[in-house]
Amino acid sequence: MSVDKKMHVLVVDDFPTMRKIIRNLLEQLGFSNIGEAENGADALRKMREANPKFGLVISDWNMEPMTGLQLLKEVRADNGLKATPFIMITAENKTENVIAAKEAGVNNYIVKPFNAATLKSKIEAVLGPIG
Amino acid sequence: MTEPNAAKLLTREQVTSAITTLMGKLSSQSTQIHEKIVQDLFDLAGQIDSLYAELGNIQPNNLKSDHLKSAHDELSAVVEATSTATFQIIGEMEKLEKLAKELPADKGPQVVDCVTRVYEACSFQDITGQRITKVVKTLKAVEERVDALIHTLGGTRPSEMKDTRIGEEALLNGPSLPGQGISQDEIDKLLGF
């Protein structure tokens, strides 16, 4: 079964340029309901307020005041949000980073710089074929 | 409130005074061990004095002044400028992407592919931005250490470092930071165009 492209996707990054790039690439893949947040705290607030809930979060790591890892931990600790698929997309490419994200419950991990094909394949790995 | 590290350090005069006092007390003793200790303290005092003199020669005030602040501001301006330019590039690509839908079926997807490659390439700005931000933080740390050194040596911040360049050399300052320099309109007015 292919991915529901009407699902709400949240893109979290403190760089407006990067949010725009990811948004545009998601739109090319057919997603049309895309939200944006500029840090973990902003994302958490939007996730809690969202109706319908976001079906996928694509988040940067290095942000203030709440990092992507902190956001991930908050999401996994929140009964209403814990099942949300979460992809980390970051320049933090050390082994310990990936391990920490995995231990926190990340569903996939993309290292910047990345390309459209990588983004598509990671989303498919988490949600299923995009089609 | 916690004192900064530099405030806990003794000044050159305080160190010299403390050692001299100690040496005075020990000098009143006559044993061989005490003589050795006194000699060691004399050597130590000499070395501390040399160290302070060398640190003084580094002229931390000159290093501190505008150099570090300027480097910090220039790098921040690089991040800002590349961010603005990248955002604009992406905006124009979005227009192309929309126009591509009106192209024949054999051309449209090719244009979209090109636009995608541009989106991917534009992610450089995030990476370079993060790297430059790291350098800016390092510069700030160096600035703080230099401040501490100035404090320890009893110096004060200079208001501004003098630019000693003259003639055409003094005109070479690179691009101005935002808010500095004049605009194209102002240049045109100045030149009467």
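Residues numbered from 1 in each chain as written. Chains lettered and ligands numbered in written order. Predicted model: local features only at pLDDT ≥ 70, side-chain atom pairs only at ≥ 80, totals over all residues. Heavy atoms only, no water.

Description of the overall build of chain A
What chain A contains, in helices and strands, is five helices and five strands. When the helices and strands of chain A are listed from N to C terminus, the series reads β-α-β-α-β-α-β-α-β-α. Evaluated residue by residue, chain A yields a buried proportion of 51% over its 131 residues. Here chain A has roughly 5900 Å² of accessible surface; of this, 48% comes from carbon and sulfur atoms. (Helix = DSSP H or I, 4+ residues; strand = E, 2+ residues; numbered from the N terminus. Buried < 20%, exposed > 50% of the residue type's maximum accessible area, 1.4 Å probe, protein only. Areas by Shrake-Rupley, 256 points an atom, 1.4 Å probe, with all protein chains shown as cover.)

Here we look at the interface of chain B and chain A
Taken residue by residue, the interface counts 19 residues in chain B and 18 residues in chain A. Roughly 1600 Å² is buried in total at the junction of chain B and chain A, and carbon and sulfur atoms are behind 61% of that figure. When the area that chain B buries against chain A is broken down by residue, the three leading residues are B:Phe87, B:Asp126 and B:Gln130, summing to 31%. Between chain B and chain A we count two salt bridges in total. Of the charged contacts in the structure, one is a salt bridge between B:Asp126 and A:Lys112, with a shortest N-O distance of 2.6 Å. Taken together, the connections running from chain B to chain A amount to eight residue pairs in polar contact (both at pLDDT 80 or more). Taken together, the elements giving at least two residues each to the side of chain B that touches chain A come down to helix H4 (60-100), helix H5 (108-122) and helix H6 (124-152) of chain B. It is H4(B) that contributes the most residues to the side of chain B that touches chain A, seven residues altogether. (Contact = heavy atoms within 4.5 Å. Buried area = accessible area lost by both parts, 1.4 Å probe. Salt bridge = Lys/Arg side-chain N within 4 Å of Asp/Glu carboxyl O. Polar contact = N/O pair within 3.5 Å; in protein donor to acceptor, adjacent residues only side chain to side chain.)

Some details on the confidence of the model for chain B
Residues and elements named next belong to chain B. Residue-level pLDDT values for chain B average 76, and 75% of them are 70 or greater. H5 holds the highest mean pLDDT among the elements of chain B, 91, whereas helix H1 (residues 5-8) holds the lowest, 47. Every residue in residues 1-7 is under pLDDT 50, and counting partners more than four places away or in other chains gives five contacts. (pLDDT = per-residue confidence, 0-100.)

Some thoughts on the environment of A:Gly55
Residues and elements named next belong to chain A. Along the chain, the position of Gly55 falls in the loop between helix H2 (40-49) and strand S3 (56-59). Between the C-alpha atom of Gly55 and that of Pro85, which follows or precedes it by 30 residues, the distance is 6.7 Å. Once residues within four sequence positions are removed from consideration, Gly55 is found in contact with Met7, His8, Pro85 and Leu127.

Let's talk about the packing of aromatic side chains
Each aromatic ring pair is summarised here by two numbers: the centre-to-centre distance and the angle between the ring planes. All names here are of chain A. Counted under the stated rule, the structure contains one aromatic pair over all chains. Between Trp61 and Tyr109, the aromatic rings sit 6.4 Å apart at their centres with planes inclined by 70 degrees, giving edge-to-face as the arrangement. Of the two residues, Trp61 is situated in the loop between S3 and helix H3 (68-77) and Tyr109 in strand S5 (residues 108-111); the sequence distance between them amounts to 48 residues. For the pair Trp61 and Tyr109, a shared accessibility class is recorded, and that class is buried. (Phe/Tyr/Trp six-rings, centres within 6.5 Å; stacked < 30°, edge-to-face > 60°.)

Considerations on the nonpolar core
All names here are of chain A. One finds Ile22, Leu26, Phe31, Ile58, Phe114, Leu119 and Ile123 to be the most contacted residues of the largest nonpolar core, which totals 28 residues. Here Ile22 is in contact with Val11, Ile58, Ile89 and Phe114, once residues within four sequence places are set aside. Core analysis: the second largest hydrophobic core is formed by 23 residues, Met47, Leu71, Met88 and Tyr109 among them. (Core = buried A, V, L, I, M, F, W, Y, C linked by side-chain atoms within 4.5 Å.)

Description of the sheet that holds S3(A)
Residue and element names in this part refer to chain A. The strand order across the open sheet formed by five strands is S2-S1-S3-S4-S5, and the pairing between neighbours is parallel. At either margin of the open sheet sits one strand with a lone partner, and together these are strand S2 (33-37) and S5. When strand polarity is set aside, the average angle formed by the axes of neighbouring strands in this sheet is 20 degrees. (Pairing = 2+ DSSP bridges. Axes fitted to C-alpha atoms, helices over the stretch in contact; angles between N-to-C directions.)

Focus: the packing of H3(A) against helix H4 (residues 95-104) of chain A
For any two helices packed against each other, one specifies the inter-axial angle together with the distance between the axes. All names here are of chain A. Relative orientation of the contacting elements H3 and H4 amounts to 15 degrees, with a least axis distance of 9 Å. Taken together, the axes of H3 and H4 lie roughly parallel to each other. Remark: the crossing between H3 and H4 carries left-handed chirality. Side by side, H3 and H4 meet where Leu69, Leu72, Lys73 and Arg76 of the first sit next to Ala100, Ala101 and Ala104 of the second. Each residue belonging to the contact of H3 with H4 can be placed in one class, and the counts come to five nonpolar, no polar and two charged. (Parallel < 35°, antiparallel > 145°, perpendicular 65-115°, else oblique. Left-handed = near helix turned anticlockwise from the far one by under 90°. Nonpolar A, V, L, I, M, F, W, Y, C, P; charged D, E, K, R; others polar.)

Section: the pairing of S2(A)
Residues and elements named next belong to chain A. Pairing analysis gives five bridges linking strand S1 (residues 8-12) to S2, with the strands arranged parallel. For Val11, the partnering residue across the bridge sits in S2 and is Glu36. Each parallel crossover has a hand, and the one from S1 via helix H1 (residues 16-29) to S2 is right-handed. (Right-handed = clockwise from strand over helix to strand, strands pointing away.)

Considering H2(A)
All names here are of chain A. Buried residues of H2: Gly40, Asp42, Ala43, Leu44 and Met47, and no others. Those residues of H2 that are buried lie in contact with S1, S2, S3 and H3. Measuring from the side-chain oxygen of the N-cap residue of H2 to the backbone nitrogen of Ala41 gives 3.0 Å; that N-cap residue is Asn39.

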